[in-house]
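These are the residues of each chain, in order.
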Amino acid sequence: MIGFIRFADNLSAWFGKAFAWLIILMSVGTGYEVFVRYVLNSPTAWALDVSFIMYGTLFMMGGAYTLSRGGHVRGDFLYRLWKPRTQAKVDLVLYLIFFFPGVTALILAGWKYAARSWQYGEVSVNSPAGVPIYQFKTVIVAAGILLFIQGIAQVMRCIIAIRTNKWIEAEEDVFETEDLLMEQASRAEKDSHP
Amino acid sequence: MTDPQVALMMLGLFIVFVFLGFPIAFTLMAMGIGFGYYAYFDARRMWRDFDRLDEAAGTWDQWSTWFEGFFNNRIFDLFVNQTFTVMSNEVLTAVPLFLFMGYIVERANIVDRLFSTLNIASKNVPGSLGVAALITCALFATATGIVGAVVTLMGLLALPAMLKARYKPSFASGIICAGGTLGILIPPSIMLIVYAAASNVSIVRLYAGALLPGLTLVGLYLVYVVGRAILQPSSAPRPSADEVPDVPLGKLLVMILTSFLPLAFLILSVLGSILFGLATPTEAASIGALGGMLLAFLYRAMTWQRLRESVYLTVRTTAMVCWLFVGSYTFSAVFSYLGGEHVISEFVQGMNLTPIQFLIMAQFIIFLLGWPLEWSEIIIIFVPIFLPLLAYFEIDPLFFGILVALNLQTSFLTPPMAMSAYYLKGIAPPEVRLTQIFAGVMPFLFCVIVSMVLMYVFPEIVFYLPELFYGG
Amino acid sequence: APAVLAQAPIVLKMQTSWSASNIWQEFAQDYVNRVEEMSGGRLKIDLLPAGAVVAAFQVMDAVNDGILDAAHSVSAYWYGKNKAASLFGTGPVFGASSTAMLGWFYEGGGAELYRELTQDIMGLDVIGFLGFPMFAQPFGWFKGEVNSVADIEGFKYRTVGLAADLFQSMGMSVAQLPGGEIVPAMERGVIDAFEFNNPSSDKDFGAQDVAKNYYLSSYHQAAEQFEFLFNRFSFEDLDPDLQAILKYGVEASATANTSKAMRRYSADLQWLQNEAGVTVRRTPKEILDAQINAWSELLPGLEEDDFFKRCVASQREWAEQVAFYELMNAPDYALAYEHFFPGKLKL
Ligand code: NA
Ligand code: NA
């Protein structure tokens, strides 16, 4: 099970991070539009479409990565007081009845939605530039599949936590500044009181 | 049970389920899909293929077609449709760009320069260290908009300095907690973008409207800090000469030029181009992100490692916010399909409230929600419940939004989920106790409430700039 | 006598592409009222504004999927799926009025082409009708005066459907947005100028707050109609008489909408001029000429698509056959108006 959890974490992280770089393209692309629109008075017809396609792809493909790193916000003011075992029991049930139906719908109904769009070669209705959006609608399916795989890993995490009363954390490579600083502070404190 | 009653049950159950601590985006999604399954349940349509099966169809065909009927509910299509609506929401495109700008600026080695400059510049003011800390917080928070980073960075920098100068620990902590949360209010703020996406109020009007209230709140904080330093000098003693270096004016000017001005210029150019209609918020955010990178580069803080961190943190925070929208759009589509909005508005109208009573009730509920929940959940999920009622009570949704934004300052400061206080506690020296932090925060909470009353009594503070820039 | 136990009415969910405060929501309500009354309470329509269930531009997908039973919209809103969609409202102007083009739909083969496009070519489960023949749509709202084609070059302009292609070929940069998003987009600077549809709708969403120059008369959308969409299963599951009520209710609402539009559009134009400080002008002839030229230059490229070509040919033929009668026969109404109300027609 741990092997699968690691696999899913890595898979989600790989896709999440790869698509995260769209933010650079988005900054530069929108920056370019600012230049041609306000300096040269010849705005592009596609900038608006391209910016929402990048934004939408970025957050959809980052959903599973965020899930694997516990980044989706929880109303956890009770939850955080529970033992890991209790947390895991509740999570396990809710993953099965809350999480999977919706994520499965993203894949299956999303497939239907995207396939229809491919069939008539749908382009964005926002501009006459004809920017294709069928590939963008397919992102719904891709994000659904990633979430589904990550969801199985989360279920396994719950099962292990129920057995051992301990959560298996994902390997982290980036931290919010506050988490990093708080981590350093608590380590420093531990060192001073051995 | 009538459909509207079912809708109310949906809302009630959601509030219960939130407390189970499951990721809220998926809780909302599940509630929307579950109740939507009921709303769209139509046996004739779902088992149409089964009913039309040939007599000769095999057993397997019969079973599989019957089984497929369960998945033939239109709620699944509605969910996908709403997901796509969030994906193509043009207002939200500014969210990742502003977050990215924030993460870059936060890593630009800027806060210590800023603090030491302001500290020297304000040394003749009573409570100078506190004033410098507060202004640094406000400025830095405005540029980054990321509460945790501001509180922890300033907690490591300014808190020890204030404690060393024998400031009362509670007073010093209050300054940092309250100052650090200003970034979600003062534009360009992500919270206001999210409110705009939830309420359809123009984001630029919101930005213009939030500017004076934000400055008013900073002003109230400053009055409190300086006033307390004068009235109770023991809580904020004057630093001794050796604690604040004597810097010649010329050198001070250079320090201001290199630390204060670039950041101020970045903020003003982003904000100015939005308010003067020179660029869309999304365009301005991209300029802010590029400008932030340039700034970090000039401060020699732009490393490959930091860029990667900023990029990855951007995708995670964007996903967190936008998946909440995916959940809540689905939830609210089903809620209004069932007629839930009607019941709520009829119920509230039946209470015979005056507009001011309604306003106080709404803000009080939002204040209470701010104890256990965070701003994103409140704005994306709960504020939309009040929005349809505003027209009935003739309350401008812009005005309401600014009050909410002020109000939600408190959500970071009130236990049990006082994130600012926890961040500070996490990095503060062990002798600073959480109770002290909470005690120090109280007067600032009071300032927030005073500012809300001021907005109500003098609504021009909110409306002056939007009307000036964009007309009535 | 014992009351006959009434059967619970069949409820259809209909969403519009308009916000609740837009006059078009009232127009949709006119339809709903007629249907409910004619069905003697057997049929009820739950009318919802844009965004209540799905976004304004999503109604075609939603009706096809059955998320909505029905929608009240315009066909230009789904022309991203097929450009020919726009021909059922926002198409080239061959000289036929909006009423004449509604005639094309019902008498000139348009309905069958619509069915072919939606059901055969795109494989959608929808049934559609066209209603209210709208008055020709103003060129729209500008921050400053525009006198020539050169003046509008480089503008970010909001319109929809083939009108977007039209203005793009005239040197504008075009964005399509639902009505409710126009004013916020002006304030954000996403667009510099826009048109929506008519004085009342434009006033309802606050056009006068973001621009003060309003130009009447244009060829970009001179003959649009409302599109009434029904999910095929929702429609076919009904008894034949109820189907007929839904169908002919569209025709009935066209008269109701026209009458209401007469009263309200004219009153609101006056209000914009007299109360809101809006300068109302007629679009300069140079721009109108450029529009007609742009239409004829635009068509050959679009006609590479077989269906598009057949559909335009059918419209062109209809316009040629019928419009001359209307144009040659109509008296100069302006002359009579000027006689009885001298000086009022000056802009
Ligand atoms: Na709180
Ligand atoms: Na129009």
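The rules behind these values
Residues numbered from 1 in each chain as written. Chains lettered and ligands numbered in written order. Predicted model: local features only at pLDDT ≥ 70, side-chain atom pairs only at ≥ 80, totals over all residues. Heavy atoms only, no water. UniProt positions renumbered as here; feature names shortened; annotations may be inferred. Contact = heavy atoms within 4.5 Å. Buried area = accessible area lost by both parts, 1.4 Å probe. Salt bridge = Lys/Arg side-chain N within 4 Å of Asp/Glu carboxyl O. Helix = DSSP H or I, 4+ residues; strand = E, 2+ residues; numbered from the N terminus. Nonpolar A, V, L, I, M, F, W, Y, C, P; charged D, E, K, R; others polar. Donors = N, O, S within 2.8 Å, 3.2 Å for Na, K, Ca; no water. Buried < 20%, exposed > 50% of the residue type's maximum accessible area, 1.4 Å probe, protein only. Polar contact = N/O pair within 3.5 Å; in protein donor to acceptor, adjacent residues only side chain to side chain. Core = buried A, V, L, I, M, F, W, Y, C linked by side-chain atoms within 4.5 Å. Domains from an automatic or database assignment. Pairing = 2+ DSSP bridges. Right-handed = clockwise from strand over helix to strand, strands pointing away. Axes fitted to C-alpha atoms, helices over the stretch in contact; angles between N-to-C directions.

Per an unreviewed UniProt entry, the recorded name for chain B is TRAP transporter large permease protein, and the organism is Tropicimonas isoalkanivorans. We quote the UniProt Function (unreviewed entry) comment for chain B here in full: "Part of the tripartite ATP-independent periplasmic (TRAP) transport system." Here is the UniProt Subunit (unreviewed entry) comment for chain B, exactly as written: "The complex comprises the extracytoplasmic solute receptor protein and the two transmembrane proteins."

Enquirer: Outline the interface of chain C and chain A, listing residues and values.
Expert: With 28 residues of chain C in contact, the opposing surface of chain A contributes 22 residues. Summed over both sides, the interface between chain C and chain A buries roughly 1,900 Å², with carbon and sulfur atoms accounting for 45% of that surface. When the area that chain C buries against chain A is broken down by residue, the three leading residues are Gly80(C), Lys81(C) and Lys156(C), summing to 25%. One can count five salt bridges joining chain C with chain A. In this structure, Asp65(C) and Arg116(A) form a salt bridge, with 2.9 Å as the shortest nitrogen-oxygen distance. Going through the elements one at a time, helix H2 (59-65), helix H6 (162-169) and strand S7 (173-175) of chain C are the ones with two or more residues in the side of chain C that touches chain A. Within the side of chain C that touches chain A, the residues separate by chemical class into 12 nonpolar, eight polar and eight charged.

Enquirer: Explain the coordination of the sodium ion (ligand 2) to me, using residue names and the numbers behind them.
Expert: Each donor-metal-donor angle would ideally measure 109.5 degrees in four-coordinate tetrahedral geometry, or 90 or 180 degrees in six-coordinate octahedral geometry. All names here are of chain C. Looking at the metal site, the sodium ion (ligand 2) is ligated by Gln-137 (OE1), Glu-195 (OE), Glu-195 (OE), Phe-196 (O) and Gln-221 (OE1), spaced 2.1 to 2.6 Å from it. For the sodium ion (ligand 2), the donor residues sit on a single chain with the sequence spacing Q-x57-E-F-x24-Q. Placement of the pair is Gln-137 in the loop between strand S4 (126-133) and strand S5 (140-142) and Gln-221 in the loop between strand S9 (213-216) and strand S10 (225-231), with a sequence separation of 84 residues. With relative accessibility at 1%, the residue Gln-137 sits in the buried group. Assessed through its relative accessible area of 1%, Gln-221 is described here as buried.

Enquirer: Just give me the short version of the interface of chain B and chain A, but keep the residues and values in it.
Expert: Taken together, the contact between chain B and chain A spans 78 residues of the former and 71 residues of the latter. Taken over both partners, the interface formed by chain B and chain A buries close to 6,400 Å², and the fraction arising from carbon and sulfur atoms is 76%. On the chain B side of the contact with chain A, Phe22(B), Met87(B) and Arg316(B) bury the most area, a combined 13% of that side's loss. Lys112(A) is the partner of Asp77(B) in a salt bridge, and the nearest nitrogen-oxygen pair spans 3.1 Å. Our count for the contact surface shared by chain B and chain A stands at seven residue pairs in polar contact (both at pLDDT 80 or more). Elements supplying a minimum of two residues to the side of chain B that touches chain A: helix H1 (3-18), helix H2 (24-39), helix H6 (75-87), helix H7 (94-106), helix H10 (147-164), helix H15 (281-298), helix H16 (304-337) and helix H21 (419-427) of chain B. Ranked by residue count, the leading element in the side of chain B that touches chain A is H16(B), at 18 residues.

Enquirer: Tell me what's going on with the nonpolar core, and back it up with residues and numbers.
Expert: Counting 352 residues, the largest nonpolar core has Phe98(B), Trp323(B), Phe400(B), Phe88(C) and Leu246(C) as the members making the most contacts within it. With 19 residues, the top contributor of residues to this core is H16(B). Inspection of this core shows a minimum of three residues originating in each of domain 1 (46-88) and domain 2 (94-470) of chain B. Those residues in contact with Phe98(B), other than ones at most four positions away along the chain, are Pro188(B), Ile190(B), Ile193(B), Tyr207(B), Val270(B), Ile274(B), Pro281(B) and Ala285(B). Among the nonpolar cores identified, the runner-up in size contains six residues, and Ile5(A), Ala153(A), Met156(A) and Ile160(A) belong to it.

Enquirer: Quick rundown of the domain arrangement of chain B? Include the residues and the values.
Expert: Residue and element names in this part refer to chain B. By the assigned domains, chain B splits into domain 1 (46-88) and domain 2 (94-470). Using C-alpha coordinates to define each centre, domain 1 is positioned 48 Å away from domain 2. Each partner contributes residues to the interface: domain 1 has seven residues there, and domain 2 has seven residues. Of the roughly 630 Å² buried between domain 1 and domain 2, counting both surfaces, carbon and sulfur atoms make up 86%. If you sort the residues of domain 1 by the area they bury against domain 2, Phe-79, Gln-82 and Val-86 come out on top, with a joint share of 65%. The interface formed by domain 1 and domain 2 holds zero salt bridges in total.

Enquirer: Explain the pairing of strand S2 (residues 43-48) of chain C to me, and be specific about the residues and the numbers.
Expert: Residues and elements named next belong to chain C. Here strand S1 (residues 10-16) runs beside S2; their pairing, made up of six bridges, is parallel. Bridge assignment links Leu-12 to a residue of S2, and that residue is Ile-45. Handedness of the crossover joining S1 and S2 through helix H1 (residues 23-38): right-handed.

Enquirer: Give a description of the sheet that holds S1(C) that names residues and reports values.
Expert: Residue and element names in this part refer to chain C. Ordered in space as S2-S1-S3-S10-S4, the five strands form an open sheet in which the pairing is mixed. Of all strands in the sheet, those with a lone pairing partner are S2 and S4, marking the two edges. Pairs of neighbouring strands in the sheet enclose a mean axial angle of 25°, with direction left out of account. Examined bridge by bridge, S1 and strand S3 (residues 70-73) share three bridges and lie parallel to one another. Across the sheet, the residue bridging to Gln-15 is Ala-71, located in S3. In the packing of H1 onto the sheet, the strands contacted are S1, S2, S3, S4 and S10, and the crossing angle to S2 comes to about 170°. Relative to S4, helix H11 (residues 240-274) is tilted by about 30°, and along the sheet it contacts S1, S2, S4 and S10.

Enquirer: Summarise unusual backbone geometry; cite the residues concerned and give the values.
Expert: Residue and element names in this part refer to chain B. Following Pro-187, the chain continues to Pro-188 via a peptide bond in cis, the omega torsion being 0°. Along the chain, the position of Pro-188 falls in the loop between helix H11 (169-180) and helix H12 (190-199). Its identity as a non-glycine residue notwithstanding, Asn-352 has a phi of 55°, on the positive side. Under the relative-accessibility criterion, Asn-352 is labelled exposed at 65%. Phi is positive for Glu-394, close to 55°, though the residue is something other than glycine. With respect to the secondary-structure elements, Glu-394 resides in the loop between helix H19 (375-390) and helix H20 (397-407). Overall, the relative accessible area of 73% leaves Glu-394 in the exposed class.

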